[in-house]
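What follows is each chain in one-letter form.
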Amino acid sequence: MDYERTAGMAADGLLSYRDDQSGWQVCKKSNDVVVSWRPSSEFPGNVYKGEGVVGGSLADVWKCLKPVPNGLRVKWDDNVKKFELLEQITEDVSVCRTVTPSAAMGIISPRDFVDVILVKKYEDGTISSSATNVIHPGCPPHSRYVRGFNHPCGCICSPIPGEPNKTLVLSFFQTDLGGLLPRSVVDSFFPSSMANFYSNLTKTVRSLKDL
């Protein structure tokens, strides 16, 4: 499988979601984040977009989001129970497995996801982490978990001109959770989950500054 090409397509998909403002409908809004959705062109579900300004330098925000084993993400993100490196393809491309805990009061059972991830840096300082589902021989489906599938998703962290201690964070999720879940459960889970994502990220970045 051409993991590099697949990862590059996911990164291009993220940029297209960022740049195409059409069709988004706001489903949750707070002081910290605006969550929107629109029908996915990848699978029979929705793509969700989160947009929020996090109080912290881009370096600190990225430190919390960086997709690496034993990184900070598994400590603060309620939806990441375990994160494993399956294969390092290049310096910026890796194949990883993410295990998620049960959610929605147990209605959503634990899942695992196998994705190729590309970390990309842009001239203006922006850093993105893009992912999409792949098959890897080292990680077949496991009977303890429902295998879910991420379609192009990830985070884009951008500096805010004149605001070195603030970072614009865009997040995109379009996940086929697998299993026989009612659509209403899925549609209510993601907006709340994404709002919590920003709240927990903000708290963690703030704690870095207090160290």
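So, here is what we can say about the structure in this document. (Residues numbered from 1 in each chain as written. Predicted model: local features only at pLDDT ≥ 70, side-chain atom pairs only at ≥ 80, totals over all residues. Heavy atoms only, no water.)

## Description of the nonpolar core
With 31 residues, the main nonpolar core has V61, L65, V169 and L201 as its most contacted residues. Looking at this core, the elements with two or more residues in it are β3 (46-54), α2 (58-65), β6 (111-121), β10 (153-160) and α4 (183-210). In this structure V169 touches G50, E51, G52, V54, V61, L65, I156, C157, Y198 and L201, once residues within four positions along its chain are discounted. Counting ten residues, the second largest nonpolar core, distinct from the first, contains A7, V93, V116 and V134. (Core = buried A, V, L, I, M, F, W, Y, C linked by side-chain atoms within 4.5 Å. Buried < 20%, exposed > 50% of the residue type's maximum accessible area, 1.4 Å probe, protein only. Helix = DSSP H or I, 4+ residues; strand = E, 2+ residues; numbered from the N terminus. Contact = heavy atoms within 4.5 Å.)

## Some points on the environment of I127
Checked against the element boundaries, I127 lands in strand β7 (residues 127-133). A residue is classified by how much of its surface remains accessible, and I127, at 9% relative accessible area, is buried. C-alpha of I127 to C-alpha of G52: the two residues are 75 residues apart in sequence and 15 Å apart in space. Dropping the residues within four chain positions of it, I127 is found in contact with L58, W62, V119, K120, K121, C155, I156 and C157.

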